[in-house]
Amino acid sequence: EDFANIPVLSTPDGGLIKLGDIATIIDGFVEDEQLVRFNGKRAAFLDVMVTENPDVLKTSQAVYEFVESRSATAPEGISIEVWADASTYFKARLATLQRSGISGLILVFILLLLFLRPALAGWVSVGIAVSFVGTLFVLPTIGASINMITLFAFILVLGIVVDDAIIIGENVHRLQTRGKWGVEGAKAATKEMAAPVFFAVTTSIIVFIPMLFLPGDFAIFMVPIATIPILALGFSLIESLLILPAHLSHLKAEKQSRLLPFLQTLRTRVSNALDHFLVTKYRPFLRFCLHHRALTSAAYFSFFILIVAIYAGGWVKSEQFPTVPLEYINAGIDMPAGTPFSDIEEIASHIERAAYQAASDIEREYSEQILNDLFIVGSGSSITAVVELTSPELRKVGSTEFVEAWQNAVGPLPQAEDVTFTGSVEFGGSADIELRLEGRSLDELRVAADWVAETLKSYDGIYNVNDTLNAGRPEMEISPTNLAAVLGATPALLAQQMRQVFYGEEIQRIPRFREDVRVMLRYPESERSSTQLLDNLLIRTPNQTEVPFNSLAETRFVEGFSSITRIDGNSSITVEADYRKVGNQTADSIVTAFFDDHLADFQSMFPTARIVLYGAQLENREFMSELLRLGFLAIVVIYGLLAIQFRSLSQPLIILAAIPFGFAGAVVGHMLTGQTLSLLSLMGVLAAAGVIVNDTLVLIDRANKLRAQGFSSSHSIIQAGRDRFRPIFLTSATTFAGLTPLMLEKSTQAQFLIPMATSLSFGVLAATLVTLVMVPCLYSISEENRGRIKKYLKKA
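Small disclaimer: the values here were computed from a predicted structure and weren't measured.

Colleague: Explanation requested: the pattern of salt bridges in the structure shown.
Modeller: Side-chain pairs of opposite charge can arise where the charged atoms are in close proximity. Summed over the entire model, instances satisfying the criterion amount to 18 salt bridges. E784 is paired through a salt bridge with R293; the nearest N and O atoms lie 2.2 Å apart. In this pair, E784 sits in helix α25 (residues 754-795) while R293 sits in helix α10 (residues 293-312), placing the two residues 491 residues apart along the sequence. The exposure class assigned to R293 is partly exposed, which follows from its relative accessible area of 23%. Here the salt bridges share partners, and the residues they tie into one network are E192, R702, D723 and R724.

Colleague: In this structure, what is going on with the packing of helix α6 (residues 163-176) against helix α23 (residues 679-708)? I would like to understand it.
Modeller: Look at α6 against α23: their axes get within 11 Å of each other, and the N-to-C directions meet at 25°. For the element pair α6 / α23, the angle class is roughly parallel. Relative to α23, the crossing made by α6 is right-handed. Across from D163, I167 and R174 in α6, the residues of α23 making contact are V691, N694, V698 and R702. Considering only residue class, the contact of α6 with α23 consists of three nonpolar, one polar and three charged.

Colleague: Sorry if this is basic, but what is going on with unusual backbone geometry here?
Modeller: Glycine aside, the phi torsion of most residues is negative, and most peptide linkages are trans. At Q544, a residue that is not glycine, the phi angle is positive and equals roughly 70°. Relative to the assigned elements, Q544 resides in the loop between β16 (538-540) and β17 (546-548). A positive phi angle, near 55°, is found at R647, a position not held by glycine. Mapping R647 onto the fold places it in the loop between α20 (615-646) and α21 (651-658). By relative accessible area, R647 is classed as exposed at 78%.

Colleague: Help me understand the environment of A593 in this model?
Modeller: Its location among the elements puts A593 in helix α19 (residues 587-605). For A593, a relative accessible area of 22% puts it in the partly exposed group. Separated by 134 residues in the primary sequence, A593 and Y459 place their C-alpha atoms 9.6 Å from one another.

Colleague: Would you take a moment to explain the pairing of strand β4 (residues 34-38) for this structure?
Modeller: Note on strand geometry: in a regular strand, side chains alternate between the two faces of the sheet. The element β4 is largely enclosed, with a buried count of five among its five residues. Burial along β4 is two-sided: Q34, V36 and F38 and L35 and R37, pointing in opposite directions, are all buried. Sheet topology places β4 next to strand β8 (residues 371-379); five bridges connect them, and they run antiparallel. Following the sheet pairing, V36 is matched in β8 by V377. Pairing of β4 with strand β5 (residues 41-42) involves two bridges; the strand directions are antiparallel. Pairing of R37 across the sheet is with R42, part of β5. Between β4 and β5, which pair antiparallel one after the other, the connecting turn spans two residues, and N39 there sits at a positive phi close to 55°.

Colleague: Got a minute to help me understand the side chain of S571 in this structure?
Modeller: Looking at the secondary structure, you find S571 in strand β20 (residues 570-579). Accessibility expressed as a relative area gives 2% for S571, which makes it buried. If sequence neighbours within four positions are ignored, S571 has contacts with L437, E438, G439, R440, L442, L445, T565 and R566.

Colleague: Which parts of the structure should I look at to understand the nonpolar core?
Modeller: As a rule of thumb, nonpolar side chains are buried together in soluble globular proteins. Core analysis: the biggest nonpolar cluster contains 117 residues, and M211, M222 and I225 have the highest contact counts within it. Among the elements that take part in this core, α23 stands out by supplying 15 residues, more than any other. Those residues in contact with M222 that sit more than four places away from it in its chain are M211, L214, L680, M683 and M756. Counting 31 residues, the second-largest nonpolar core is a separate cluster that includes I344, A359, I370 and I383.

Colleague: How do you make sense of the packing of aromatic side chains when you look at a structure like this?
Modeller: Any two aromatic rings considered together are summarised by their centre-to-centre distance and by the angle between their planes. Scanning the entire structure with this criterion turns up 17 aromatic pairs. Note on F602 and F606: the rings are 5.3 Å apart at their centroids and 50° apart in plane angle, and the pair reads as tilted. Using a relative accessible area of 1% as the deciding quantity, one classes F602 as buried. Given the relative accessible area of 6%, F606 is considered buried. Ring pairing ties together the aromatic residues F277, Y282, F725 and F729, which thus form one cluster.

Colleague: Looking at this structure, how should I read the confidence of the model for the protein chain?
Modeller: Atomic detail in the predicted coordinates should be set aside for any region of low pLDDT. Averaged over every residue, the pLDDT of the protein chain is 80; the share at 70 or more is 88%. Highest mean pLDDT in the protein chain belongs to α10 (90); lowest belongs to strand β3 (residues 23-28) (64).

Conventions used here
- Residues numbered from 1 in each chain as written.
- Predicted model: local features only at pLDDT ≥ 70, side-chain atom pairs only at ≥ 80, totals over all residues.
- Heavy atoms only, no water.
- Salt bridge = Lys/Arg side-chain N within 4 Å of Asp/Glu carboxyl O.
- Helix = DSSP H or I, 4+ residues; strand = E, 2+ residues; numbered from the N terminus.
- Buried < 20%, exposed > 50% of the residue type's maximum accessible area, 1.4 Å probe, protein only.
- Axes fitted to C-alpha atoms, helices over the stretch in contact; angles between N-to-C directions.
- Parallel < 35°, antiparallel > 145°, perpendicular 65-115°, else oblique.
- Left-handed = near helix turned anticlockwise from the far one by under 90°.
- Contact = heavy atoms within 4.5 Å.
- Nonpolar A, V, L, I, M, F, W, Y, C, P; charged D, E, K, R; others polar.
- Pairing = 2+ DSSP bridges.
- Core = buried A, V, L, I, M, F, W, Y, C linked by side-chain atoms within 4.5 Å.
- Phe/Tyr/Trp six-rings, centres within 6.5 Å; stacked < 30°, edge-to-face > 60°.
- pLDDT = per-residue confidence, 0-100.

Written as structure tokens, this is what we have:
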């Protein structure tokens, strides 16, 4: 009671918010038939689940202060401490993302300084601040808060929001070097790039919109990752078209810096080196590729096909969701319903000893501590043990190795119905494979579930196979006889009178203080504790005659169930299994093989039952189907916008042709970094598509303007590559630099996020090579064919 009254936060009017007002507090005090031990000692616990979370860090601090104050006055032999504080993970995630974000921002600014004058680089970087401040201002109005996911979204968009500012700023810089200073130069540069920048940012926003409408629990994770880039890109567009030009119009000719001469010298050398590369390397190479444009394009598409083949062939590790090691290892044992408490206590002690034995063996081998705390609860028919490992930074052994050692130390438990050890977590949260069986006959479903489980075990890599039909205590099944039907003793009448015998009939309620005491009439406990009572039991029929129970009903004992699930009136059992990757197989391929090889056998053996895909596999397929549908719609909308911008039906296809290379870059990035390709990786590919469209649009827009001035298609695209090389390179480099610290992060907290960052960064790098070489070749082919069509139409 004191715990619930802890003051957690101050309200604006000077009041206090109590913990009990914002949290659900579950009492875990020891009962007679319950085993609770913490580090080998008897324990009681309070589980606090915050339902309204104004500030999780201050809430955690208040709890620690309360525990510290109460520990000083606790009775002798009693200790109070905090265990399993989830806020520590929250703080670690915040620290990780803040560290990555600040490092990424510094890298982006340094990169800009190397290619742009300090004043210009500074004003371009201000665009990041404006975009982020505007987004933070809007977040509360849409019900979002600062958390791990939103911080990651800010890091994800860190290098993207600066793209349009780079394009405008670099174009202002280009015109200033040609003598157009002041307001005139800023207006001319902004006007020249306003349309392509507007359409580039708009298409980037459209790329993120499908993430708002994805199905399943995974969508909860994706909504903030889409919302924040959309808001930030919107504010960056306003800043780059309205605010940035005003600042750049006041720039004057750069003078020799007295404070940063080294930086100015370095930037001059980098700029000269870039110009030298463009003149002596890039332009001749591009001219050569344009001369062999068909061969160059074919080489690029062949490379893409090769990467797809590598991915399809299983050379790149892939899974639905990334698997992240845990610092808390869970062991769950389900015993048959009705198992004596003495057996529960004995098995719990065995599991506890095995955990200490596994930790001792590992600590002896690696000379490092691995186990912090051990918490175990045995209650009812289940046992739960939780081991807290030391921080990953302090040990070499992973959670998987400890799980294997613990399992080996526990050994087989034939008396248990289900035994699971969990040392890692997938974002999907459920078993790798779930198959749901439905039918009218529960007996048939039970046999079918056993058959499906045994069939799944025949596939390599399958383990932890179990079903959701848990056996309970034996039940007595009563079937009325023909005599019962003649005398009118219905099943309801038999059930009612048997309930009166064993449970009792309420005959009176006596008020006592604030409650009523029920007075029940039933057989003495000595008689109703045995089924022999039924041999002498008399049933009163509707005509008020008394007939022996054995004459009216037949009884038999059958296996009962602790829970039964029904769906649309049918009984249902779910068979679950986990998968450990073997060779090129995946959980999805095993499910496909199961249905292809065994569905016909299942239907012939169990004609009234049916089996359907369920759980993570079903959600994955629905997710991918919806992602493809929404992605296709986004591409159609992008195509329409590009067609409006270019006033052409063919040129948008050139831009769209570059998008798949973002996937190729993501695959290569995962191969180089050893990451596992997952659904989060595909989200990174989707985000990379916006940057790809941005770069290719700017390039083709410049080529079209040169074509309008009368230059040939070859000269126009070469000059466009020369003029737009710097902004294209900078937009890709800043995106990569902004995500590099996160990709290098080794902490557990960042492992969910790294695949998406890897896809985006490497996808953008690969697309840059495509934009600067393959896109000009496709543009040249398009213009040449358009010229031939015009000549043909004139002749016709």
